[in-house]
Amino acid sequence: MLDLHVHLIGHQDRQADETAVRGFLQAAIEKGLVEIGFADHDLYFGELDLPLLREVGKSYPGLKVRVGLEVDYRPGEEEKIQGVLERFPFDYVIGSVHEIEGWAFDSPGEEARHRAQDPDALYERYFSLVEKAARSGLFTTLGHLDLIKIYGVRPRKDILKLVDRALTAVKDLGLAIEINTNGRYKPVGEFYPEPKLLQEVVHRGISVTLGSDAHEAKVVGRDLGEAMAFLHHLGAKKVVGFQGREPIAYSLM
Ligand SMILES: [Zn+2]
Ligand SMILES: [Zn+2]
């Protein structure tokens, strides 16, 4: 089992020091993980000690410790993002859409604004940004594919039609999609992506990776066994981790 969506400093909740790193790695071992990846928000890039992650990781020989980054994707910022990604040899990079034209739609207290909009238009705007993120070529992975459902607002149109172009881009560019189990603890109360979307991802032969989106050590690995079992049930044969921006497959057999 692997968990490639772990936030060490979260939202500046703690110092990214050796004690914090060891706390997360110990939690990973207790959960039986074989691979853990730190992917803090790019907003905190200047506060991260990324070489420290590799250094501390060496004292856990049974655990592969990967260094990633979760990047807030905003169209027009591709060059700025590229500049950040050149500053460290990341194992993987998660591209995430958390904003629509400056609106941080997944923030607490935003439900009313979700409900005030035409749901189909909302989903169309969101997925067009996801498609741009995929086409940017900056990322190995797309974060929480259907984050726009966070407050439980669902489209009237078929979700598979709405997501079609974004998934085509994901497949064309060879990105992975994550099962992000954290959605279960948000108002929507289910993993990202929803089962029907995940089934389509598997059907299209898109690689799948796993992430808890833990912002504290005790959440590392949460519900990922269940996510893997569901993936297997859908007919997927493998999940992927990453090293040096290349996927490494693990059999689900
Ligand atoms: Zn995110
Ligand atoms: Zn995250």
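Scroll up to find the structure this text is about.
Quick caveat: nothing in here was measured; it's all calculated off a predicted structure.

A.B. asks: Even after reading the chapter, I still don't get the overall build of the protein, so can you show me in this structure?
C.D. replies: Helix and strand counts for the protein come out as eight helices and nine strands. Its C-alpha radius of gyration of 17 Å places the protein within 12% of the 18 Å reference for a compact globule of 253 residues. Taken along the three principal axes of its C-alpha coordinates, the protein extends 50 × 40 × 30 Å. With 253 residues in all, the protein has 54% of them scored as buried. Long-range contacts, defined here as pairs at least 24 residues apart, represent 76% of the contacts in the protein between residues at least 6 apart. When the accessible surface of the protein is split by element, carbon and sulfur atoms take 50% of a total near 11,000 Å². Taken as two groups, the 31 positive and 40 negative side-chain charges of the protein have centres that lie 4 Å from each other.

A.B. asks: Just to check I follow, could you spell out the pairing of strand S1 (residues 2-6) for this structure?
C.D. replies: Moving residue by residue along a regular strand, the side chains alternate between the two faces of the sheet. The element S1 is extensively covered by neighbouring structure, given that five of its five residues are classed as buried. One ladder, built from three bridges, connects S1 with strand S2 (residues 35-41); its direction is parallel. Residue pairing in the sheet places Leu2 in a bridge with Glu35 of S2. On the question of chirality, the crossover connecting S1 to the parallel S2 by way of helix H1 (residues 18-30) is right-handed.

A.B. asks: Would you take a moment to explain the coordination of the zinc ion (ligand 1) for this structure?
C.D. replies: A metal bound by six donors in octahedral fashion has ideal angles of 90 or 180 degrees, whereas one bound by four tetrahedral donors has an ideal angle of 109.5 degrees. The protein atoms that coordinate the zinc ion (ligand 1) are Glu70 (OE), His98 (NE2) and His144 (NE2), at distances spanning 2.1 to 2.2 Å. Taken in chain order, the donor set of the zinc ion (ligand 1) reads E-x27-H-x45-H. The metal-metal distance between the zinc ion (ligand 1) and the zinc ion (ligand 2) is 3.5 Å, with Glu70 coordinating both. Residue Glu70 is found in strand S3 (residues 64-72), and its partner His144 is found in the loop between strand S5 (141-142) and helix H6 (159-173); the two are separated by 74 residues along the sequence. For His144, a relative accessible area of 3% puts it in the buried group.

A.B. asks: What am I meant to see in the packing of aromatic side chains here?
C.D. replies: Aromatic rings in a pair are described by how distant their centres are and how their planes are angled relative to each other. For the structure shown, the criterion picks out nine aromatic pairs. Ring pairing ties together the aromatic residues Trp103, Phe105, Tyr123, Tyr126 and Phe127, which thus form one cluster. Stacked on the ring of Tyr185, the Lys or Arg Arg222 has its end atom at 3.5 Å from the ring centre.

A.B. asks: Where do I start with the layout of surface pockets in this structure?
C.D. replies: Empty space among the atoms can be located by rolling a probe the size of a water molecule over them. Here the largest pocket is characterised by a volume of approximately 420 Å³. The wall of the largest pocket is formed by 21 residues, among which His11, His41, His98, Asp106 and His215 lie closest to the centre.

A.B. asks: Explain the coordination of the zinc ion (ligand 2) to me, please; I cannot follow it from the model alone.
C.D. replies: The protein atoms that coordinate the zinc ion (ligand 2) are His5 (NE2), His7 (NE2), Glu70 (OE) and Asp213 (OD), at distances spanning 2.1 to 2.2 Å. Relative to the metal, the four donor atoms surrounding the zinc ion (ligand 2) lie at angles of 82 to 170°, and the coordination shape comes out irregular. The sequence pattern describing where the donors of the zinc ion (ligand 2) fall on their chain is H-x1-H-x62-E-x142-D.

A.B. asks: What is the right way to look at the nonpolar core in this model?
C.D. replies: The nonpolar side chains of soluble globular proteins are, as a tendency, buried together. Residues Ile36, Phe38 and Phe127 are the most contacted members of the largest nonpolar core, which totals 91 residues. At eight residues, helix H5 (residues 119-135) tops the list of elements feeding residues into this core. For Ile36, the contacting residues outside a window of four places in its chain are Asp3, Leu4, Val6, Phe24, Leu25, Ala28, Leu63, Lys64, Val65, Arg66 and Val220.

A.B. asks: I would appreciate a short explanation of the side chain of Asp146 in the present structure.
C.D. replies: With respect to the helices, strands and loops of the structure, Asp146 is situated in the loop between S5 and H6. What makes Asp146 buried here is its relative accessible area of 1%. For Asp146, the side chain forms a polar contact with the main-chain nitrogen of Glu194, separated by 2.9 Å. Non-local contacts of Asp146, meaning those with residues more than four positions away in its chain, are made with Tyr126, Phe127, Tyr192, Pro193, Glu194 and Leu197.

A.B. asks: Explain the side chain of Glu194 here, please?
C.D. replies: With respect to the element layout, Glu194 can be found in the loop between strand S6 (176-180) and helix H7 (195-203). Apart from residues no more than four positions distant in its own chain, Glu194 is found in contact with Asp146, Lys149, Arg154 and Ile159.

A.B. asks: Explanation requested: the pattern of salt bridges in the structure shown.
C.D. replies: When the charged atoms of two side chains lie near each other, side chains of opposite charge can form a pair. With the rule as written, the count across this model stands at 25 salt bridges. Between Glu216 and Lys218 there is a salt bridge, with the nearest N and O atoms lying 4.0 Å from each other. Linked through salt bridges whose partners overlap, the residues forming this network are Asp72, Arg74, Glu77, Lys80 and Glu99.

A.B. asks: I'm lost on the pairing of S2 in this one. Help?
C.D. replies: Burial runs high along S2: seven of the seven residues are buried. Of the strand pairs in this sheet, S2 and S3 are connected by seven bridges, and their pairing is parallel. For Ile36, the partnering residue across the bridge sits in S3 and is Val65. With helix H2 (residues 50-57) bridging S2 and its parallel neighbour S3, the resulting β-α-β unit is right-handed.

The rules behind the values
- Residues numbered from 1 in each chain as written.
- Chains lettered and ligands numbered in written order.
- Predicted model: local features only at pLDDT ≥ 70, side-chain atom pairs only at ≥ 80, totals over all residues.
- Heavy atoms only, no water.
- Helix = DSSP H or I, 4+ residues; strand = E, 2+ residues; numbered from the N terminus.
- Rg over C-alpha atoms; globule rule 2.2 N^0.38 Å.
- Buried < 20%, exposed > 50% of the residue type's maximum accessible area, 1.4 Å probe, protein only.
- Contact = heavy atoms within 4.5 Å.
- Areas by Shrake-Rupley, 256 points an atom, 1.4 Å probe, with all protein chains shown as cover.
- Lys, Arg positive; Asp, Glu negative; His and termini not counted.
- Charge placed at Lys NZ, Arg CZ, Asp CG, Glu CD.
- Pairing = 2+ DSSP bridges.
- Right-handed = clockwise from strand over helix to strand, strands pointing away.
- Donors = N, O, S within 2.8 Å, 3.2 Å for Na, K, Ca; no water.
- Phe/Tyr/Trp six-rings, centres within 6.5 Å; stacked < 30°, edge-to-face > 60°.
- Lys NZ or Arg CZ within 6 Å of the ring centre and 35° of its normal.
- 1 Å grid on protein atoms, 1.4 Å probe; cavity = no way out; pocket = protein on both sides within 12 Å on 5 of 7 lines; lining within 4 Å.
- Points joined across faces, edges and corners; volume = space filled by probe spheres on them.
- Tetrahedral: all angles 85-135°; square planar, octahedral: opposite > 155°, others 65-115°.
- Core = buried A, V, L, I, M, F, W, Y, C linked by side-chain atoms within 4.5 Å.
- Polar contact = N/O pair within 3.5 Å; in protein donor to acceptor, adjacent residues only side chain to side chain.
- Salt bridge = Lys/Arg side-chain N within 4 Å of Asp/Glu carboxyl O.

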